[in-house]
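# Residue-level structural notes
Spelled out from the first residue to the last, the chains are:
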Amino acid sequence: MLFLSPSQTQLIAIGFIVSILLLPLPLDRPAESSTSKNAESLRDQGFKLQELVKGRYIVRFKQYRHGQEHKLAMEEQLGAYDGWKWIERNNAASAYPTDFGLLELEDDHGLIEEIRKLGFVKDVSAEARYSRGLLFDEGKNRGAGHDNAAGFGENKRPGKLFTAMSYEGVSNGSYGWGRQLLIQRSQITSMFGADKLWAKGFTGSKIKMAIFDTGIRADHPHFRNIKERTNWTNEDSLNDNLGHGTFVAGVIASQDMECLGFSPDSEIYAFRVFTDAQVSYTSWFLDAFNYAIATGINVLNLSIGGPDYLDRPFVEKVWEITANKIIMVSAIGNDGPLYGTLNNPADQNDVIGVGGIDYDDHIASFSSRGMSTWEIPHGYGRVKPDVVAYGRDIMGSKTSTGCKSLSGTSVASPVVAGVVCLLASVIPENIRWDILNPASMKQALVEGAAKLGGPNIFEQGAGRLDLLESYEILLKYRPRASILPSILDFTDCPYAWPFCRQPLYAGAMPVMFNATILNGMGVTGHVESEPIWHPFNEVGNLLNIHFTYSDVIWPWTGYLALHMQIKDEGAQFSGLIEGNVTFTVVSPPAKGETTPRRSICILFLKLQVIPTPPRSQRILWDQFHSIKYPPGYIPRDSLDVKNDILDWHGDHPHTNFHGMFDMLRDAGYYMEILGSPLTCFDASQYGTLLMVDLEDEFFKEEISKLENDVKIHGLGLLVFGDWYNVETMTKMRFFDDNTRSWWTPATGGANIPALNDLLKPFGIAFGDTILNGAFFLGGERSHYASGTDIAEFPAGGFLHNFSFQENFDGSTTQNVVQASGLAKVESSVLGVLEVGGGTGRIAVYGDSNCLDSSHMVVNCYWLLRKLLDFTSQNIRDPRIFPASNRLASPLIRNDGSFPARREDVNLSSYSLVMNHNLMCGNDARFEVWGAKGYNAETWRNGELPGIPSPFIIRQPMRSNPDTSQSIIGARPAIGNSETNVTAERETYHSKEYSFNATKDGFGIDKNQGLEQVGNHSLKIPLSKRNVSINISSRRQRAKMDLLGWLNRDELDVPTLVAFQWLVPVLLCITGFLLGLSFWRMRQRRRRRARNRTARPIAV
């Protein structure tokens, strides 16, 4: 045995320590990038408007104090300024501390900036006006009082955009069955089995149910327990003069035998937040939400919704509501059957979003459907709705007495809210709110839901509500975390659409899925360590999977984004890959506990893998250059559509282009999606780059690379444009009650000036003429809906001209088409061309509405397929290539003028190109994450452009404005959820603070501990702050891993070994040998000393 002295041990340890210090450690990349900052700016700055109008502004404070204290603080700091006024809000919430004030500003521009600089001010935003229309009254008051050019204003709903939330006497035309009153069927409560729980004595007793709607009569005979009515409007009334609030309350708690509610003994708190004109304001909602927190509301139904998920005061107050254990149920929206039409706040992870079905278990035609669009373009949307419930011909209470039927997701929502109240009463009162919270209730609902056979996951979520199954789950419930969905079976069609339509294969862009983490253990938590992939067999090792997830799970929810690639060695593999993804969620100990709570989550994964398809069958869709509403005024693509003025459906192959996606799959094409710049894909792998309806600018590097890809590497290019006309955009300007500002389009249907820059190297340019009309091409009928013309095209190409009604003066095409006696003009709309000596092929078409399922008149799928056959496979259809259409000389615009960019609109507020650095996000191939992308040169030793070898930096992904939302790629990353390029976002660390309200004053700093005021206990979440709005906002940290082992990357070992292991190992060996040599020298000296002192032994 070898024994070392302390000095020798220290010497050897020094060698090891030195070697360890020289080992390359993981490099933590800063969580913020220029992209993340600009994404935060995108949310904070809002739309750069031409003219601000005198109005009201909401000032949010960092502390909760009584309104008078905030007012005194403002007066003290702004004493030198005139032109502002503190608006008193005399309502039920005025007795409690508040976190905002309402100001009226005269000269608001400079003063707003001064207010924002105040240390106790969180932010300043325009007072928002909300409007909700019932179907039978939808046109009332619309656009009143505004003089808007070209007929656009009267089609803009007053205030914030909200969809009609209930329908009366309308049948579902998509299924062809007539209107049937519920009384002719069984009671809605009996269909869910509520009577079985009533028989057990559960009736919703002692559950505080808040209904945010149009009010209710105090003496209504249908309700036995109206606890409180509050009015938050500027009308002096508590009664419901419209009937919507009464109807919603009846579905929840009516005791009338004709229209029974689910929880007749629940305590009804009626919040009148809408006027008789169906108008509301942000400040009314914020006060009402604060009051709901102060009074200890348990369940809240909100049968309203709209597309603006970037309305920060509203969205963040919803987070605060749920952080205080209030279970919020909200309608998903009535914008079906269109995809990408989820309404806020139902699209937030912490809210139970409810869709509608009919009595045949079909998705109701009016029900909005997913995916969420927060995460686009960098990531992938979340699954919503959470559940679906019956929403057609539901019976509810009339305003005074009697019953009636309504349809809509706003009546499906109170069905679920009533079920929630009933289920809550099942838990013993002494432990009820230790068990129940927004996450645990959602777990019970989604895990108990019955999956329907026909609809896909983005239509039905977890499935149809099942009251009795959820009841059984709650009886045995113990606080835990879970993942939603818990099973990802990409072979399960149609439920797993679109993933079941296209298998995985080697060499493809990562397939992304954005799952939701539900944390029933506490309002806050975190993922303890990187999730782990456990394949069921050796084949599973062909899957290369990366994860991005929420840094903080708050409130109650987070996201887990999966980025999946098949390794190169699986290029010929065909079969199934199965396995589990596991991770642990940790939450602080509950009251009376000493150790943190832990829960293991398991996600089952089943994937279909096929051999890599040939290049000619692979299409790459450009998602990166698409911009949508919110945050800015991005106008609709078809000017003929007057009831939907904004482009807000996502422009994604899995939302409003889903019909096109299915057609291409049926035709044998494979579509991959690129949410990063054009430098981030390898052109040699794809037959065609498909660019449809793009609004963003292009990096100069993108323009250069694309020219090279087409002319040298044979990439096909197919571009579908849309209208762009500065005069028309100016006439589309309208006054918005929501922001009390004038809105002007940031661009046209497409950004034609940017597309012209991209196409300039090929001699192609679009014009600014707006064309509308039908035409025939090769016997196929087509419709041009607000498209543009081709202004320049090179000789040798094939150009198709048709007669259209032309809009020279910039008026809307509606007016052009309806006018009589207009002359038709020949215009070029379709062009095909070979470039690079026949190596590359290009096709351009001036209209995208024929591919967009949102407002399609006639689809042009046949034309798309023929053009792809040409650009990808050089197959020429005679209808597209008649000799008579070949240009002998180039088409050139005589005056040399082309569509110009607007200088009066700040597109950079929404752009991912302007004022941004070129960088590949987490939707690109793993090898270019965080790099600038591919270039024309061959890389050696795994080196990437712009990244010093041998280090490959990983770019964090972003997550949704919702802390919980995984924006697997959300524009703000939330990344945009974390998907791709990280964008800065507010993240809320979930701590709860209690305080009491006294009339003497109150002060609580959300960044400090607890304070008490009075006898009222409120819980306020600690607010802030730095969360990536990308879908992978998680800590997908930018790191260099040792030999790629941590991320299982296949890095170049010869290059890395010398730098990472050789020198440290040599130093370690040297230290060891040095210590050993000293030890041996000392042993020799000891032996010599013993020999000198040895004496002979006497015999």
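### With respect to the overall build of the chain
Of regular secondary structure, the chain possesses 22 helices and 42 strands. Here the chain holds 1099 residues, and the buried ones make up 64% of them. For the chain, contacts bridging at least 24 residues in sequence account for 78% of all contacts bridging at least 6.

### Points about the sheet that holds strand β18 (residues 511-519)
In spatial order, the strands read β16-β18-β22-β21; together these four strands make up an open sheet with antiparallel pairing. Looking at the sheet topology across the chains shown, the edges are occupied by β16 (481-484) and β21 (543-549). Between one strand and the next, the sheet's axes are offset by a mean angle of 25°, whatever the strand orientation. Direction of pairing for β21 relative to strand β22 (residues 557-566): antiparallel, over a ladder of seven bridges. Residue pairing across strands places Ile545 opposite Met564, the latter belonging to β22.

### What about the packing of helix α10 (residues 409-424) against helix α14 (residues 467-475)?
In the contact formed by α10 and α14, the axes pass within 10 Å of each other and the chain directions differ by 35°. The chirality of how α10 crosses α14 is right-handed. Along the contact surface, α10 presents Val419, Leu422 and Leu423, while α14 presents Leu467, Ser470, Tyr471 and Leu474. Its residues assigned to classes, the contact of α10 with α14 comprises six nonpolar, one polar and no charged.

### Notes on the nonpolar core
The biggest cluster of nonpolar side chains holds 63 residues, and the ones touching the most others in it are Phe192, Ile352, Val416, Val420, Leu423, Met441 and Leu445. In this view, Met441 contacts Ile327, Ile352, Val420, Leu423, Ala424, Leu436 and Leu474; residues no more than four positions away in its chain are not counted. Of all hydrophobic cores here, the second largest spans 52 residues; its members include Met729, Leu758, Ile764 and Val928.

### What about the packing of helix α12 (residues 438-448) against α14?
At their nearest, the axes of α12 and α14 sit 8 Å apart, and the two run at 130° to each other. Relative to α14, α12 is oriented oblique. Crossing angle aside, the handedness with which α12 passes α14 is right-handed. Residues Met441, Ala444, Leu445, Glu447 and Gly448 of α12 pack against Glu469, Ser470, Ile473 and Leu474 of α14. Among the residues making up the contact of α12 with α14, the classes are represented as five nonpolar, two polar and two charged.

### Description of the environment of Ala590
With respect to the helices and strands, the residue Ala590 is situated in the loop between β23 (575-587) and β24 (597-609). Assessed through its relative accessible area of 24%, Ala590 is described here as partly exposed.

### Thoughts on helix α9 (residues 312-323)
Between its first and last C-alpha, α9 extends 16 Å over twelve residues, near the 16 Å set by a 1.5 Å rise per residue. Burial analysis of α9 places twelve of its twelve residues in the buried class, the great majority of the element. Taken together, the buried positions of α9 are occupied by Arg312, Pro313, Phe314, Val315, Glu316, Lys317, Val318, Trp319, Glu320, Ile321, Thr322 and Ala323. Just past α9, the residue Lys325 takes up positive phi, approximately 70°.

### A closer look at the sheet that holds strand β13 (residues 387-390)
Read across the sheet, seven strands follow the order β7-β8-β6-β10-β11-β12-β13 without closing on themselves; strand pairing throughout is parallel. Lying at the two open borders of the sheet, with one neighbouring strand each, are β7 (226-231) and β13. Along the sheet, successive strands turn relative to each other by an average axial angle of 25°, direction set aside. Strand direction decides the pairing type here: strand β11 (residues 327-331) and strand β12 (residues 352-357), joined by three bridges, are parallel. Counterpart to Ala331 in the pairing with β12 is Val354.

### A few points about a positive patch on the surface
A cluster of like positive charges, contributed by Arg1080, Arg1082, Arg1084, Arg1085, Arg1086, Arg1087, Arg1088 and Arg1090, occupies part of the molecular surface. Structurally, the position occupied by Arg1084 is in helix α22 (residues 1053-1092). Classification of Arg1084 as partly exposed rests on a relative accessible area of 34%.

### Digging into the environment of Arg478
Examined against the element boundaries, Arg478 turns out to sit in the loop between α14 and β16. The spatial distance from the C-alpha of Arg478 to the C-alpha of Ser440 is 8.9 Å, given a sequence separation of 38 residues.

### Considering unusual backbone geometry
Cis rather than trans, the peptide bond between Ile376 and Pro377 has omega equal to 15°. With respect to the element layout, Pro377 can be found in the loop between β12 and β13. The omega torsion across Trp497 and Pro498 is 5°, close enough to zero to call that bond cis. For Pro498, the position within the fold is in the loop between β17 (487-489) and β18. With phi around 70°, Lys325 is a residue other than glycine that occupies positive phi space. If you trace the backbone, Lys325 turns up in the loop between α9 and β11. At Asn874, a residue that is not glycine, the phi angle is positive and equals roughly 60°.

### Notes on the side chain of Thr655
Summarising the element assignment, Thr655 is placed in the loop between β25 (618-622) and α15 (658-666). Taking relative accessible area as the criterion, Thr655 reaches 0% and is therefore assigned buried. Sequence-distant contacts of Thr655, that is, excluding residues within four places in its chain, are made with Tyr339, Gly340, Met371, His649 and Gly650.

### A look at helix α16 (residues 700-711)
Residues three or four positions apart in an α-helix share a direction because the helix packs 3.6 residues into each turn. Helix length check: α16, at twelve residues, gives a terminal C-alpha distance of 17 Å against a target of 16 Å (1.5 Å per residue), a fit within 8%. Those residues of α16 lying buried are Glu702, Ile703, Lys705, Leu706, Asp709 and Val710. Where α16 is buried, its residues meet β27 (688-692), β28 (716-720), α18 (752-759), β36 (824-835) and β37 (840-845).

### Examining the pairing of strand β33 (residues 780-787)
Burial analysis of β33 places six of its eight residues in the buried class, the great majority of the element. Inspection of the sheet shows strand β32 (residues 770-777) paired to β33 by seven bridges, in the antiparallel sense. Bridge pairing links Gly773 to Tyr784 in β33. Between β32 and β33, which pair antiparallel one after the other, the connecting turn spans two residues, and Gly778 there sits at a positive phi close to 60°.

### Describing the state of the cysteines
Applying the stated criterion across every chain yields a total of four disulfides. What pairs with Cys493 in a disulfide is Cys500, and their sulfur atoms sit 1.9 Å apart. On the sign convention where negative means left-handed, the S-S torsion of about 95° between Cys493 and Cys500 marks this disulfide as right-handed. Given a relative accessible area of 42%, Cys493 falls into the partly exposed group. Between the sulfur atoms of Cys680 and its disulfide partner Cys920 the distance amounts to 2.0 Å. Between Cys680 and Cys920, the disulfide has an S-S torsion of -95° and is therefore left-handed. Taken as a pair, Cys680 in the loop between β26 (670-674) and β27 and Cys920 in the loop between α20 (861-873) and β38 (973-975) lie far apart in primary sequence, 240 residues in all. Taken N- to C-terminal, the disulfide-bonded cysteines of the chain are connected 1-2, 3-4, 5-8, 6-7.

### Some thoughts on the side chain of Ser828
Of note, Ser828 is situated in strand β36. Residues within four places of Ser828 in sequence aside, it is in contact with Asp789, Ile790, Leu799, His800, Asn801 and Leu891.

### Describing the pairing of strand β3 (residues 98-105)
Of all eight residues in β3, seven are buried, a share of seventy percent or more. Pairing of strand β1 (residues 55-65) with β3, which is carried by seven bridges, proceeds in the antiparallel orientation. Counted as the bridge partner of Tyr57 is Leu103 from β3. With three bridges joining them, strand β2 (residues 84-86) and β3 adopt antiparallel strand pairing. Bridging across to β3, Trp86 finds its partner in Leu103.

### Section: the packing of aromatic side chains
For any pair of aromatic rings, the description consists of the separation of the ring centres together with the inter-plane angle of the planes. One pass over the structure, following the stated rule, counts 39 aromatic pairs. With centroids separated by 4.9 Å and ring planes inclined at 35°, the aromatic side chains of Tyr784 and Phe804 adopt a geometry described as tilted. With Tyr784 in strand β33 and Phe804 in strand β35 (residues 798-807), this residue pair connects regions lying 20 residues apart in the sequence. No difference in accessibility class separates Tyr784 from Phe804, as the two residues are buried. Here a set of aromatic residues connected by ring pairs shows up, and it is made of Tyr96, Phe212, Trp232, Phe271, Phe274, Phe285, Phe289, Tyr291 and Phe314.

### Some details on the pattern of salt bridges
Inspection of the entire model under this criterion finds 41 salt bridges. For Arg60, the salt bridge is made with Glu316, and the minimal N-O distance between the two is 2.8 Å. One end of the pair, Arg60, is in strand β1; the other, Glu316, is in helix α9, with 256 residues separating them in the sequence. For Arg60, a relative accessible area of 5% gives the class buried. The buried category is assigned to Glu316, whose relative accessible area is 5%. A single salt-bridge network, built from bridges that share partners, covers Arg60, Lys122, Asp123, Arg312 and Glu316.

The rules behind the values
Residues numbered from 1 in each chain as written. Predicted model: local features only at pLDDT ≥ 70, side-chain atom pairs only at ≥ 80, totals over all residues. Heavy atoms only, no water. Helix = DSSP H or I, 4+ residues; strand = E, 2+ residues; numbered from the N terminus. Buried < 20%, exposed > 50% of the residue type's maximum accessible area, 1.4 Å probe, protein only. Contact = heavy atoms within 4.5 Å. Pairing = 2+ DSSP bridges. Axes fitted to C-alpha atoms, helices over the stretch in contact; angles between N-to-C directions. Left-handed = near helix turned anticlockwise from the far one by under 90°. Nonpolar A, V, L, I, M, F, W, Y, C, P; charged D, E, K, R; others polar. Core = buried A, V, L, I, M, F, W, Y, C linked by side-chain atoms within 4.5 Å. Parallel < 35°, antiparallel > 145°, perpendicular 65-115°, else oblique. Expected span 1.5 Å × (residues − 1). Patch = residues over 30% accessible without salt bridge, like charges linked within 9 Å, V, L, I, M, F, W, Y side chains within 5 Å. Areas by Shrake-Rupley, 256 points an atom, 1.4 Å probe, with all protein chains shown as cover. Salt bridge = Lys/Arg side-chain N within 4 Å of Asp/Glu carboxyl O. Lys, Arg positive; Asp, Glu negative; His and termini not counted. Charge placed at Lys NZ, Arg CZ, Asp CG, Glu CD. Disulfide = S-S within 2.5 Å. Phe/Tyr/Trp six-rings, centres within 6.5 Å; stacked < 30°, edge-to-face > 60°.

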